[in-house]
Amino acid sequence: MVSRTIRTRSGGRGTGRPTLEEVAARAGVGRGTVSRVINGSPRVSDRTRAVVEAAVAELGYVPNRAARALAANRTDAIALVVPEPEDRFFAEPYFSDMVRGVGAALAETDMQLLLTLAGSDRERRRLGQYLAAHRVDGVLLVSVHADDSIPDMLEDLSIPAVISGRRSAAETLAAVDSDNFEGARSAVAHLAARGRRAIATITGRLDVYGAQCRLDGYRAALAAAGLPPDARLTAPADFTEEGGRRAMRELLGRCPELDAVFAASDVMAAGARQVLREAGRRIPDDVALVGFDDSAVARHMDPALTSVRQPIEEMGRTMAEVLLQEIEGRTGERPQIVLPTELVVRESS
């Protein structure tokens, strides 16, 4: 388990720091009354609350967050768990955008964000021990595969959790996702509308529900355009650039007459572009190319890549907001939130 603290807020005690007892003396109330005001208890009159708050302001009192968390059986920490190898985490813009969104949602809170990579069996065992010790108040889980045991472990431990991307249509945990089906459907419909007739796809790992939804969207768009299904035009990959290169070689070997490719991520599209160029295929003249994510990769490719924009930072913010509500016990049913996608058309198609 590789862990990194992404953001912390210091609660260190400096010399001369006012105490709770000094606030109580200044306000002329008991120590317990000051504690109730600071912790937002309703069992305090408005007049007393105003007096205590004035004393807090006059003395510059800062509550001891660690002591408050201990009293409330809280850690004031959230784990962002990514069950992927470290090299994939740092290679794909998706993850950095997700971290940025989560960080934005937590910026005005006292929560610390702990990044945990759990790509190996050993790391997962260590993660299980860490979570069983209740060292975090909740978990954000990103990049979940269908057979992943981590979601079940979170439910067994009764730890509040939100996942990015459902495991299936019957997801039991709170989840935030983008509309993978519609994003893929719109991409392939765009290619068909441009007159492309041999449209291939490079899929992500199909044990990821979002990748399966993108494949379903691809197939639905072909059917709507009256294009017959052709198994030769589908090549599985793994969301990596090397996977995109390998899949593109397979597609050209099986179906050299293809005239368009929908890749289920921008990173795989970058790999596909390299192979197409090596094969002497011009983009978009000979082969149109579309990706998914609308990451910096898409904008910096030559030609610039048409891509499906999914609101990754917004997904991260929404996940964190839902988790904070779960931690505070303010949610009833676990929400299943699906955010819309948008096709951004550029020179590659």
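The model shown is predicted, which means the values in this text are computed figures rather than measured ones.

A. Expanded view of the packing of aromatic side chains. Taken as a whole, this structure holds 4 aromatic pairs when the rule is applied. With 5.4 Å between their ring centres and 90 degrees between their planes, Tyr-94 and Phe-95 make a pair best called edge-to-face. On the basis of relative accessibility, which here comes to 15%, the residue Tyr-94 falls in the buried class. Looking at Phe-95, the relative accessible area reads 2%, which means it is buried. The ring centre of Phe-292 lies 3.7 Å from the NZ or CZ of Arg-214, which sits over that ring.

B. Structural context of helix α10 (residues 209–224). Across its 16 residues, α10 extends 22 Å between first and last C-alpha, which sits within 8% of the 22 Å expected from 1.5 Å per residue. Every buried residue belonging to α10 is among Gly-210, Ala-211, Cys-213, Arg-214, Leu-215, Gly-217, Tyr-218, Ala-221 and Leu-222, and all of these are buried. Buried residues in α10 make contact with α9 (180–193), β7 (199–203), β8 (234–236), β9 (260–263) and β10 (288–293). One or two residues past the end of α10 sits Gly-226, with phi positive at roughly 75 degrees.

C. View of the nonpolar core. Counting residues in each nonpolar core, the largest one holds 47 residues, and the members touching the most others are Ile-199, Ile-202, Met-248, Leu-258 and Phe-262. Of all the secondary-structure elements, those providing two or more residues to this core are α9, β7, α10, α11 (241–254), β9, α12 (266–278) and β10. In terms of residue count, α12 provides more of this core than any other element does, 6 residues in total. Not counting residues up to four positions away in its chain, the partners in contact with Ile-202 are Ala-235, Ala-237, Gly-244, Ala-247, Met-248, Leu-251, Val-261, Phe-262, Ala-263, Ala-264, Met-268 and Ala-272.

D. Quick look at the pattern of salt bridges. Tallying each qualifying case throughout the model produces 22 salt bridges. Close ionic contact of Arg-124 with Asp-148 constitutes a salt bridge, the shortest N to O distance being 2.8 Å. Within this pair, whereas Arg-124 is found in helix α7 (residues 121–132), its partner Asp-148 is found in the loop between β4 (138–142) and α8 (150–156), the two being separated by 24 residues in sequence. The exposure class assigned to Asp-148 is buried, which follows from its relative accessible area of 5%. In this structure, the salt-bridge partner of Glu-182 is Arg-185, at a minimum N-O distance of 2.8 Å. Highlighted residues: Glu-182 and Arg-185, both in helix α9, separated by 3 residues, approximately one helical turn.

E. Just the packing of helix α1 (residues 20–27) against helix α2 (residues 31–38), in detail. Packing of α1 against α2 brings their axes to within 8 Å, and their N-to-C directions diverge by 105 degrees. With respect to their mutual orientation, α1 and α2 come out roughly perpendicular. Contact residues: Leu-20, Glu-21, Val-23 and Ala-24 in α1; Arg-31, Val-34, Ser-35 and Ile-38 in α2. Taken together, the residues of the contact of α1 with α2 sort by class into 5 nonpolar, 1 polar and 2 charged.

F. View of the side chain of Asp-97. Within the secondary structure layout, Asp-97 lies in helix α6 (residues 93–106). Discounting chain neighbours no more than four positions away, the residues touching Asp-97 are Ile-312 and Glu-313.

G. Structural context of the pairing of β7. Burial runs high along β7: 5 of the 5 residues are buried. On β7, burial covers both faces: Ile-199, Thr-201 and Thr-203 on one face and Ala-200 and Ile-202 on the other are all buried. Judged from the 4 bridges that link them, β7 and β9 form a sheet pairing that is parallel. What sits directly across from Ile-199, in β9, is Ala-260. In terms of strand pairing, β7 meets β8 through 3 bridges, oriented parallel. What sits directly across from Ile-202, in β8, is Ala-235. Since β7 and β8 lie parallel, the crossover through α10 that links them has a hand, and here it is right-handed.

H. Summary view of α6. Here α6 is 14 residues long and its end C-alpha atoms lie 20 Å apart, about the 20 Å a rise of 1.5 Å per residue gives. When you tally the buried positions in α6, you get 10 out of 14 residues, the bulk of the element. For α6, the full list of buried residues reads Pro-93, Tyr-94, Phe-95, Asp-97, Met-98, Val-99, Gly-101, Val-102, Ala-105 and Leu-106.

I. Main features of the side chain of Glu-84. By secondary structure assignment, the location of Glu-84 is in the loop between β2 (77–82) and α5 (86–91). For Glu-84, a relative accessible area of 5% puts it in the buried group. Among the polar contacts made by the side chain of Glu-84, one reaches the side chain of Arg-88 at a distance of 2.7 Å. A polar atom in the side chain of Glu-84 sits 3.0 Å from the side chain of His-145. Discounting chain neighbours no more than four positions away, the residues touching Glu-84 are Phe-95, Leu-117, Ala-118, Gly-119, Ser-143 and His-145.

Conventions we followed
- Residues numbered from 1 in each chain as written.
- Predicted model: local features only at pLDDT ≥ 70, side-chain atom pairs only at ≥ 80, totals over all residues.
- Heavy atoms only, no water.
- Phe/Tyr/Trp six-rings, centres within 6.5 Å; stacked < 30°, edge-to-face > 60°.
- Buried < 20%, exposed > 50% of the residue type's maximum accessible area, 1.4 Å probe, protein only.
- Lys NZ or Arg CZ within 6 Å of the ring centre and 35° of its normal.
- Helix = DSSP H or I, 4+ residues; strand = E, 2+ residues; numbered from the N terminus.
- Expected span 1.5 Å × (residues − 1).
- Contact = heavy atoms within 4.5 Å.
- Core = buried A, V, L, I, M, F, W, Y, C linked by side-chain atoms within 4.5 Å.
- Salt bridge = Lys/Arg side-chain N within 4 Å of Asp/Glu carboxyl O.
- Axes fitted to C-alpha atoms, helices over the stretch in contact; angles between N-to-C directions.
- Parallel < 35°, antiparallel > 145°, perpendicular 65-115°, else oblique.
- Nonpolar A, V, L, I, M, F, W, Y, C, P; charged D, E, K, R; others polar.
- Pairing = 2+ DSSP bridges.
- Right-handed = clockwise from strand over helix to strand, strands pointing away.
- Polar contact = N/O pair within 3.5 Å; in protein donor to acceptor, adjacent residues only side chain to side chain.

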